[in-house]
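Chain by chain, the residues:
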Amino acid sequence: MDCSSAMLEGVVTFWHAYRLPILITLSTLFVIVQAYRKLQPKSKTEASSSLPPSPRSHSPEKSEKIPVSDGTKKETPVVSKSTGPKVVTGKKPVKGGKRGGSDEAPPLSFIQPIVFFASLTGTTERYAHMLVEELRAAAQNRADPENRERGLLPPQLHDLAYIDLDDFFTSAPKPPSTSPGTRYVYCLLIPTYNIDTVLNTFLGHLDETHHDFRIDTGSLSQLAGFSVFGFGDKEGWPTEEEGYCSQAKELDRWMAKLTGKRRAFPLGLGDVKDNAEQALKEWSHGLQDILYDILQNGGLGEGVPGSGDPLESDEEDVDDEDETDVAKPKSKRGKGQSQSVVDLEDIKVNPDSPAPLAVDFTTGGKSSESQAKEMVPKTSPTYASLTKQGYSIVGSHSGVKICRWTKSALRGRGSCYKFSFYGIKSHLCMEATPSLSCSNKCVFCWRHGTNPVGTTWRWKVDDPDMIFDGVKDGHYKKIKMLRGVPGVRAERFAEAMRIRHCALSLVGEPIFYPHINRFLDLLHSERISSFLVCNAQHPDQLETLHRVTQLYVSIDASNRESLRKIDRPLHRDFWERFQRCLDILREKRNVQRTVFRLTLVKGFNVEDEVIGYANLVEKALPCFVEIKGVTYCGTSTSAGAGLTMQNVPFYEEITEFVLALNEELERRGLNYGLAAEHAHSCCVLLASDRFHVNGKWNTRINYGRFFELLEKEKADGTSFTPEDYMDETTEWALWGNGGFDPNDERVYRKGKKAKAQKELASSTANE
């Protein structure tokens, strides 16, 4: 042991004494070897090999990047099979010459424009169709009848929400075998939102692709070029520094990195409230000229403004330097950032000092770990828009709002359909949500696209106790504001100051909130019933959901394509999630009161879908099926989706659909029946025979009994079923009786009261 220690100490002493000459000698030898290898003629194998024609080449040869003395990297084929991870590579463009040379790929013959867009409200989608029509017209007008082997192809159009990003943005599309000279140009039309949308997913994908060690940083360099146009709102973000078109600018930078800065045309910007259409047309005309320049010259060229010259954008070069800040020379660093190097031998460990910070050597830049942001910051346009619509924002992601039926009930003008079907008095009901974010962009949503959307929870999470206190306080404040409204009944106003029910259906997706079960417990602790509505896109949360008074699931279509068109879900596997939620509902039907909520929209989910809806009912066997006509709420959001008053069904059309559905369920022996209606809301209730007892429907809820059973279950684990707290449906609410409470006064629009009275008198005379 003494001899070994002495030898090790001698080696360490020798290294400290001669390490500098040793390192200099080794560096010199390395430079000499590299210079010698560079001056050697290429071997026959290397000279006869060619680079793969595209990132998706099926060649069995792999390529290896070997550094050379000029600082560049050259790809050399290696015949031996690699045992490492798969690498997607893009060929580096050759400087000083036209692209499409015989050593790289077939000569360029056709340009295929591909237009990508993202849209929440339909505005950007409309502009994308305009661009496609202009490019299609340009392809036809400039077609050369004498040269069919060269030209501009009709453009393709893709919604970023419904494509696999790997197919287009991990590596460039491969030209068809029938036209190997086809090259692609990406045209991207992007709005900017300060809420979580598919754009966040898209930009995150580009970030991951750029930093993925398995993928070449220029994996899209096979593209002939790209160009981005951004839509913004200068009313909300007056300047670019304040965020105007910020996501479009970010996309432009990422595409420049992934394509080797092959920017075909400069970034275009348009204000949706001012000059968006005109700016897009000007940008489109410039883009068309560039496309024909590419066809004529075989590529973008070098050194032309807007051509994608690597030295063109100082901002991108700065971004690249930021990613490897440790390698910056001193002159490039900011003021006050001194470059200090500490020898590892000079670091002394103090056992009483805290552990050193962990260093992540797998990333070459800034830490990706950031503090969770707020879903709806008070300074955001989303906050301003929602509060303008009458919402009270609680914390950073919750809200409460007074329903119009609450105002109606306070004035004795009738409650909503939930009073007819389930016995909920509207003036005792609070409409709230612990999550303003949703994973769908439904065409009939009355929020006009102002609420956030997202597929995963990536925001700050507020405490459920704070949310519970906040929504109650916000609800009571709004009720008190109604005390001076003409017609408000004193006794109902006094009743309204004690919340008895909570409809978790305001906006967004309540089940999305990570602590939804705790929030439900707080409601039940004050004997407030819970009516939770979900959109069948979160099966994991649905499966772990605790007991609620009644569980709604929105069933807006009977097949995959209709659901995609009407709900416009963000999840790519939306249909699979939908089906899994139906399976969960079937399992819960003997524990929870489950309800299918069908919102009928003419032209989307009514025609020829009775069989499909019957299939869904047969799969999940819900306790109840509500069928309601869509409520038209203006064109702010829906114009892009084509929703107008023509899509709102009449009550006669609703009843026709309900009768057809009921007949189909009877034919299958599923034991459902027409239980109740609320004609004023264009809503009808089908109920399972489980709630038809002694010849009477029992669709209402005995709320006192529900809380007794719930408390007993918590105390000794005694489970109970939906039948244990059902109550008899009132006579006036039954199917065929209209469903309007006779204790309230029906208020008709001008001229409609006389018409209704005339029809009533006529029907009475006929009887």
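All figures in this text were calculated on a predicted structure; none of them were measured in a lab.

Further remarks concern the overall build of the protein. When helices and strands are tallied, the protein shows 21 helices and 22 strands. Relative to its full complement of 767 residues, the protein shows a buried share of 46%. Restricting to contacts in the protein with at least 6 residues of sequence separation, those with at least 24 account for 76%. Accessible surface computed for the protein: about 39600 Å², of which carbon and sulfur atoms make up 53%.

Now for the packing of helix α12 (residues 464-480) against helix α14 (residues 516-525). Running from N to C, α12 and α14 point in directions that differ by 45°, and their axes come no closer than 9 Å. Judged on the interaxial angle alone, α14 and α12 are oblique. The interaxial crossing formed by α12 with α14 has right-handed handedness. Packed against α12, whose contacting residues are P464, D465, I467, F468 and V471, the element α14 presents R518, F519, L522 and L523 at the interface. Partitioning the contact of α12 with α14 into residue classes produces seven nonpolar, no polar and two charged.

Here the UniProt feature "transmembrane region" (unreviewed entry) sits at residues 17-36. Its end C-alpha atoms 31 Å apart, residues 17-36 is made of 100% helix and 0% strand.

Pairing is mixed in the open sheet, where 10 strands are placed in the order β9-β10-β11-β12-β13-β14-β15-β16-β18-β17. Each of the sheet's edge strands pairs with one partner strand only, and the pair in question is β9 (392-394) and β17 (672-678). Between one strand axis and the next, the sheet turns by 25° as a mean value, whatever way the strands run.

All right, on to the packing of aromatic side chains then. Per the stated rule, a full pass over the model turns up 28 aromatic pairs. Centre to centre, the rings of Y422 and F624 are 6.0 Å apart; their planes meet at 70°, and the pair counts as edge-to-face. Placement of Y422 in helix α11 (residues 417-422) and of F624 in strand β16 (residues 624-629) is noted, with a sequence separation of 202 residues between them. What makes Y422 buried here is its relative accessible area of 0%.

With that settled, consider the nonpolar core. Formed by 75 residues in total, the largest nonpolar core has its most connected members in F596, I627 and L661. Of the residues forming this core, the biggest block, seven residues, is contributed by helix α17 (residues 574-588). Ranked by size, the runner-up nonpolar core spans 37 residues in total, among them Y184, L251, W254 and A256.

Further remarks concern α14. Along α14, seven of the 10 residues are buried, which leaves the element largely enclosed by surrounding structure. Those residues of α14 that fall on the buried side of the exposure criterion are I516, N517, F519, L520, L522, L523 and H524. Of the surrounding secondary structure, the elements contacted by the buried residues of α14 are β11 (429-433), α12, β12 (501-504), β13 (529-534) and α20 (703-716). The first or second residue beyond α14 is R527, which carries a positive phi of 55°.

Next up on the list: the pairing of strand β7 (residues 225-232). Where burial is concerned, most of β7 is hidden: eight out of the eight residues are buried. The two faces of β7 match: G225, S227, F229 and F231 on one face and F226, V228, G230 and G232 on the other face are all buried. Bridge count between strand β6 (residues 182-191) and β7: seven bridges; the pairing is parallel. Bridge pairing in β7 places I190 opposite G230. Regarding topology, helix α5 (residues 198-211) serves as the crossover connection from β6 to the parallel β7, and that connection is right-handed. Summarising the sheet, β7 and strand β8 (residues 268-271) pair through four bridges and their orientation is parallel. What sits directly across from G230, in β8, is L269.

Our focus in this paragraph is the side chain of S398. Mapping S398 onto the fold places it in strand β10 (residues 398-401). Since its relative accessible area comes to 0%, S398 is described here as buried. Only 3.3 Å separates the side chain of S398 from the side chain of H397, close enough to count as a polar contact. Within the structure, S398 has its side chain in polar contact with the backbone oxygen of P434 (distance 3.2 Å).

What follows concerns the packing of helix α18 (residues 610-620) against helix α19 (residues 651-667). Look at α18 against α19: their axes get within 9 Å of each other, and the N-to-C directions meet at 55°. In terms of axis orientation, α18 runs oblique to α19. The two elements α18 and α19 cross, and the hand of that crossing is right-handed. Here α18 contributes V610, I611, Y613, A614 and V617 to the contact with α19, which in turn contributes F657, A660, L661, E664 and L665. Grouping the amino acids of the contact of α18 with α19 by side-chain chemistry returns nine nonpolar, no polar and one charged.

Once that is clear, we can look at a nonpolar patch on the surface. A contiguous nonpolar patch, built from F14, W15, Y18, I22, L23, L26, L29 and I32 and spanning about 780 Å² of accessible area, is present on the exposed surface. Structurally, I32 is set in helix α1 (residues 2-39).

Let's shift gears to the confidence of the model for the protein. Looking at the protein, pLDDT values average 78 and 75% of them are 70 or higher. This model gives residues 42-103 a pLDDT under 50, and the stretch forms 89 contacts once residues within four places in sequence are excluded. Contacts of residues 303-369 to residues separated by more than four positions or lying in other chains number 54 contacts, the stretch itself having pLDDT below 50.

Mapped onto the elements, D540 comes out in helix α15 (residues 539-543). Among the residues examined, D540 registers a relative accessible area of 48% and is labelled partly exposed. Linking D540 and I584, residues 44 residues apart in sequence, is a C-alpha distance of 9.5 Å.

Note that T197 resides in the loop between β6 and α5. We classify T197 as buried; its relative accessible area is 3%. For T197 and A118, which are 79 residues apart along the polypeptide, the C-alpha to C-alpha distance reads 9.1 Å.

On to unusual backbone geometry. Positive phi outside glycine occurs at C245, with the angle close to 60°. Although it is not a glycine, R568 adopts a positive phi angle of roughly 45°. Here R568 shows up in the loop between α16 (560-567) and α17. The class for R568 is buried, based on a relative accessible area of 10%.

With that settled, consider the pattern of salt bridges. Enumeration according to the criterion identifies 25 salt bridges in this entry. A salt bridge links R527 to E711, with the shortest nitrogen-to-oxygen separation between them at 2.8 Å. Remark: E711 occurs in helix α20 and R527 occurs in the loop between α14 and β13; sequence separation between them is 184 residues. Classification of R527 as partly exposed rests on a relative accessible area of 31%. Looking at E711, the relative accessible area reads 46%, which means it is partly exposed. The partner of R564 in a salt bridge is E561, and the shortest N-O contact between them spans 2.7 Å. With a gap of three residues between them, R564 and E561 both fall in helix α16, about one helical turn apart. Residue classification places E561 among the partly exposed positions, given a relative accessible area of 38%.

Criteria and thresholds
- Residues numbered from 1 in each chain as written.
- Predicted model: local features only at pLDDT ≥ 70, side-chain atom pairs only at ≥ 80, totals over all residues.
- Heavy atoms only, no water.
- Helix = DSSP H or I, 4+ residues; strand = E, 2+ residues; numbered from the N terminus.
- Buried < 20%, exposed > 50% of the residue type's maximum accessible area, 1.4 Å probe, protein only.
- Contact = heavy atoms within 4.5 Å.
- Areas by Shrake-Rupley, 256 points an atom, 1.4 Å probe, with all protein chains shown as cover.
- Axes fitted to C-alpha atoms, helices over the stretch in contact; angles between N-to-C directions.
- Parallel < 35°, antiparallel > 145°, perpendicular 65-115°, else oblique.
- Left-handed = near helix turned anticlockwise from the far one by under 90°.
- Nonpolar A, V, L, I, M, F, W, Y, C, P; charged D, E, K, R; others polar.
- UniProt positions renumbered as here; feature names shortened; annotations may be inferred.
- Pairing = 2+ DSSP bridges.
- Phe/Tyr/Trp six-rings, centres within 6.5 Å; stacked < 30°, edge-to-face > 60°.
- Core = buried A, V, L, I, M, F, W, Y, C linked by side-chain atoms within 4.5 Å.
- Right-handed = clockwise from strand over helix to strand, strands pointing away.
- Polar contact = N/O pair within 3.5 Å; in protein donor to acceptor, adjacent residues only side chain to side chain.
- Patch = residues over 30% accessible without salt bridge, like charges linked within 9 Å, V, L, I, M, F, W, Y side chains within 5 Å.
- Salt bridge = Lys/Arg side-chain N within 4 Å of Asp/Glu carboxyl O.
- pLDDT = per-residue confidence, 0-100.

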